[in-house]
Amino acid sequence: MSSVPTINAAERERLLSAYPDVFHRSFMQRWGLLLISAAVFVYLAFCFAFFNVIPTFVNGNWDRAAIYVQDWYSWRAQPRLRFQNDQVVPQWTSRRQYPEGADINWLKPNADSSRYTVTFGSAGNRMEVTPSRVDVYIDGKLYPVTITRDRASLPSDAPAQMEQDDNKVNVYYGFAGQAEIRTNQVYVQRRFLGWANFFFDTHSPFWGRSLPEVVGLMFSGERLDPNQSNASLALDNFLNNASWQHGDILSKLMQTLVMAFVGTLFGTLVAFPLAFIAARNITRSRAANWGTKRLFDFLRSIDMLIWALFFTRAFGPGPLPGIAAIFFTDTGALGKVYAEALENIDDKQREGVRSVGAAPVAVQRYGVIPQVLPVFISQSLYFWESNTRSATVIGAVGAGGIGLKLLESMKTNSDWDKVAYMVLLILLVVFAFDNLSNALRSRVMGKKGH
Amino acid sequence: MAHSAGADSLSELQEGSRTILDHYQSQVRTRRIYTVVSIVVFLIILGASLDFANSANSGKFFERLPYFFDFMKSFVPDSPLEIFRAMFDLPSPFSDGSIKYDYTSDRVWITDSFYIPNFFYQLAITLNIAIVSTILGASGAFLLCFFASTNLVGAGVTRWVVRRIMEIMRAFPEIVVAGLLAAILSIGPISAIIAVWVHTVGALGKLFFEVVENADMKPDEGLRAAGAGWLERVRFAILPQVLPNFVSYTLLRTEINVRASTIIGAVGGGGIGEVFSLSIGRDHAAKTYAIIILLLITVICVDQFSAWLRRRLIGKQSLEFGQGAA
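Keep in mind the model is a prediction, meaning the values are calculated, not measured. (Residues numbered from 1 in each chain as written. Chains lettered and ligands numbered in written order. Predicted model: local features only at pLDDT ≥ 70, side-chain atom pairs only at ≥ 80, totals over all residues. Heavy atoms only, no water.)

## A short note on the overall build of chain B
In step 1: Counting its secondary structure elements, chain B contains 12 helices and 2 strands.
In step 2: Counting from the amino terminus, chain B carries its helices and strands in the arrangement α-α-α-α-β-β-α-α-α-α-α-α-α-α.
In step 3: Over its C-alpha atoms chain B spans a radius of gyration of 29 Å, topping by over 25% the 20 Å that the globule rule assigns to 326 residues.
In step 4: For chain B, the C-alpha atoms occupy an extent of roughly 95 × 70 × 40 Å along the three principal directions.
In step 5: Within chain B, buried positions represent 45% of all 326 residues.
In step 6: Across chain B, every contact between residues at least 6 apart in sequence was considered, and the portion connecting residues at least 24 apart equals 67%.
In step 7: Of the accessible surface of chain B, which amounts to about 16,800 Å², a share of 65% is contributed by carbon and sulfur atoms. (Helix = DSSP H or I, 4+ residues; strand = E, 2+ residues; numbered from the N terminus. Rg over C-alpha atoms; globule rule 2.2 N^0.38 Å. Buried < 20%, exposed > 50% of the residue type's maximum accessible area, 1.4 Å probe, protein only. Contact = heavy atoms within 4.5 Å. Areas by Shrake-Rupley, 256 points an atom, 1.4 Å probe, with all protein chains shown as cover.)

Structure below.
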């Protein structure tokens, strides 16, 4: 094998003695990575057992997961078709997606409302509901479900989409919805893509109109309400939408932004003078340096969460505790960073200013501030940006803002569409503020920031 | 000229210098006007923000301020020793049968006769959540970052997609991930781990790919000249340069994640955060102080340890970055 280079014994000896660090590496250098990897692996295995990962995943409600995720981008109409005196009477849940007496194209009664037709997507997938019998059509084929006094029973040739569950019958139409046939009612869940009544709720005169129609009404056309113009009525109806609460959500989002802005600003304003006291090269008193630095450590090491919970107990839920929590932690964190920046300054500029006989304040103003100001502003912008994100999280422990709203919506387990809406808003705002802060920072630093 | 009075020295100036001086002074005036206007605008925004925050709060600032000190007074434990009894789950002489003083019932029994104080156990859970999610997050960021850097990936599409994925992962509110998983997996540490993990991948991924982009490309050129493939170039040219920085950033993230897992705990992710928000909500002063002391010690220890490790790994450079990269 001519391509393999060979070396003689003398050459090998020479290489070994010339580069001992390559050939005789210490034990840690040789095996360190492997040992650390093995330790990490053992640790992860331990945690896997400690946190009961497998039982938790096995016992998870995965069927619920599919429904929750579908709830993010679609909505359900859930009428109950009750049987009363040989008639079928629809009853709606509290979240009204349709106004009283609306003409619904997938839920149609016949003339004497003894029979309701529920369509699931296409004419072939429908249900003819009567008090004694429900005709279920799947892909055009009829499967009659008979209802006696104490039982709804499946036909013998029923497909897999239909199942008998004790004395009721469940029918699944996939994404389009499902129905539960009981002895006294049929509980229908009908799913549609999109968010129901996102712009206007059913009480608004704009409900059910198409977008061009709404825009047309807003800028021309007669007043729907004699007291105000259509544009302001539309805005009012939009913000006070009963099921989506746009006004409330936007105001909560504004609270989150205000918390981050005011908290970081106050933190900056307080940390700025304190940092001059904490910097060893500016204030020549060990006790003052030490005291200020420990104050910074104290403010910083107590978590934002603890401050938030503490101030929530004091001021009640709302943006004030959020502002106070961000202010306290940021004073500590910014103070430390500022003091370090001050200790790293170039002393020549100060000497220069002092040499022309300037007063101490002027020495700081013209000898120190121009050097550190870009760093200060850039750090504050960094904190502002990251606090916009943190404010969402501490909001959830009661410090106001959209975090609390998010937590409430999630706890109901049915408002996942609202959660999706708020997440979208938060993502938009976070991206916008990231870019704003990046742009400002790169201008301050005079080069492209990252 | 410098010795004469200001007005005289100005009159002595020549025509050209005068123009320059006038120009300078007019610029100073313009600048001053800009400064004043921006300060006024800034103050208006600040005032409006404060007013908005105050009116949106359930209690108004100045109305609640006296109660703040009342609350502080009510938050004094019966005796300083009580804090340590609460911390170690020891019986309290103040016990009146209520859960406020019944510390012993919280003990976590390992065997019939050996127990761990509850708060230490909860702290261990929180720390493990933080460490596991950091390890998993750093691994995820490690795998993604090479696909997001300009110097290693030619395809703009790949870079764009990977960067957007990272952005969404770090901007997505942690409590939403935790909440969704809690609804599926029931409340507990696993949803907290996944929530913190998602955020960590996004945040570390960004820092990692910036390190990769700043790497020296000469070793890469050498390997490419020798005909090495993409994986070999990454392994032998880039990785040795960036690994110390990666480890350093990961250690910084560990500190941040200890806090993050505490917060997720407070909104139902288990661990010490949950116990803490319960005890502060129920006015249990001794328990609250015990937890604050434990958290304080933990945070300081983790910070010091990771700072020491970082210094050992890459020297003084490690202290310069990362502070604002939460």
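Following the structure, the description resumes.
## With respect to unusual backbone geometry
Leaving glycine out, the prevailing phi sign among residues is negative, and the prevailing peptide bond configuration is trans.
All names here are of chain A.
In step 1: A positive phi angle, close to 55°, is found at N52, a residue other than glycine.
In step 2: Position of N52 among the secondary structure elements: in the loop between α3 (27-50) and α4 (53-59).
In step 3: In this structure N52 comes out as partly exposed when scored by relative accessible area, which is 44%.
In step 4: One non-glycine residue with positive phi stands out, namely D166, at about 60°.
In step 5: Structurally, D166 can be placed in the loop between β10 (162-165) and β11 (168-172).
In step 6: A relative accessible area of 63% places D166 in the exposed class.

## Considerations on the side chain of S378 of chain A
In step 1: Mapped onto the elements, S378 of chain A comes out in helix α13 (residues 360-399).
In step 2: In contact with S378 of chain A, other than residues within four places in its own chain, are R441 and M445 of chain A.

## What about the pairing of β10 of chain A?
Residues and elements named next belong to chain A.
In step 1: Both β10 and β11 contribute to a ladder of 4 bridges, which runs antiparallel. Bridged to D165 within β11 is K168.
In step 2: Adjacent in sequence and paired antiparallel, β10 and β11 are bridged by 2 residues, among which D166 carries a positive phi angle near 60°. (Pairing = 2+ DSSP bridges.)

## So, the pattern of salt bridges
Residues and elements named next belong to chain A.
In step 1: Scanning all chains against the criterion turns up 27 salt bridges over all chains.
In step 2: Between K336 and E340 there is a salt bridge, and its shortest N-O distance comes to 3.6 Å. Taken as a pair, K336 and E340 lie in helix α11 (residues 319-343) at a separation of 4 residues, close to a single helical turn.
In step 3: With a relative accessible area of 25%, K336 lands in the partly exposed category.
In step 4: Across the salt bridge formed by R441 and E385, the nearest N and O atoms sit 3.4 Å from each other. Of this pair, R441 sits in helix α15 (residues 416-445) while E385 is found in helix α13, placing the two residues 56 residues apart along the sequence.
In step 5: Judged by its relative accessible area of 7%, E385 is buried. (Salt bridge = Lys/Arg side-chain N within 4 Å of Asp/Glu carboxyl O.)

## Side note on the domain arrangement of chain B
In step 1: On domain assignment, one finds that chain B holds domain 1 (2-62) and domain 2 (116-319).
In step 2: The C-alpha-based centres of domain 1 of chain B and domain 2 of chain B are spaced at 44 Å. (Domains from an automatic or database assignment.)

## Things to note about the UniProt feature "transmembrane region" (unreviewed entry) in chain B
All names here are of chain B.
In step 1: UniProt annotation of "transmembrane region" (unreviewed entry) refers to residues 33-53, 129-154, 175-198 and 288-309 when read in the numbering used here.
In step 2: With 88% helix and 0% strand, the stretch residues 175-198 has end C-alpha atoms that lie 11 Å from each other.
In step 3: The span residues 288-309 is 100% helix and 0% strand, and its two end C-alpha atoms sit 31 Å from each other. (UniProt positions renumbered as here; feature names shortened; annotations may be inferred.)

## Some remarks on the interface of chain A and chain B
In step 1: With 69 residues of chain A at the contact, the number on the chain B side is 67 residues.
In step 2: Summing both sides of the interface, chain A and chain B together bury roughly 6,000 Å²; the carbon and sulfur share of this comes to 77%.
In step 3: Our enumeration of links across chain A and chain B arrives at 1 salt bridge.
In step 4: Across the salt bridge formed by D283 of chain B and R313 of chain A, the nearest N and O atoms sit 2.6 Å from each other.
In step 5: There are 11 residue pairs in polar contact (both at pLDDT 80 or more) connecting chain A and chain B.
In step 6: Broken down by class, the residue content of the side of chain A that touches chain B amounts to 48 nonpolar, 15 polar and 6 charged. (Buried area = accessible area lost by both parts, 1.4 Å probe. Polar contact = N/O pair within 3.5 Å; in protein donor to acceptor, adjacent residues only side chain to side chain. Nonpolar A, V, L, I, M, F, W, Y, C, P; charged D, E, K, R; others polar.)

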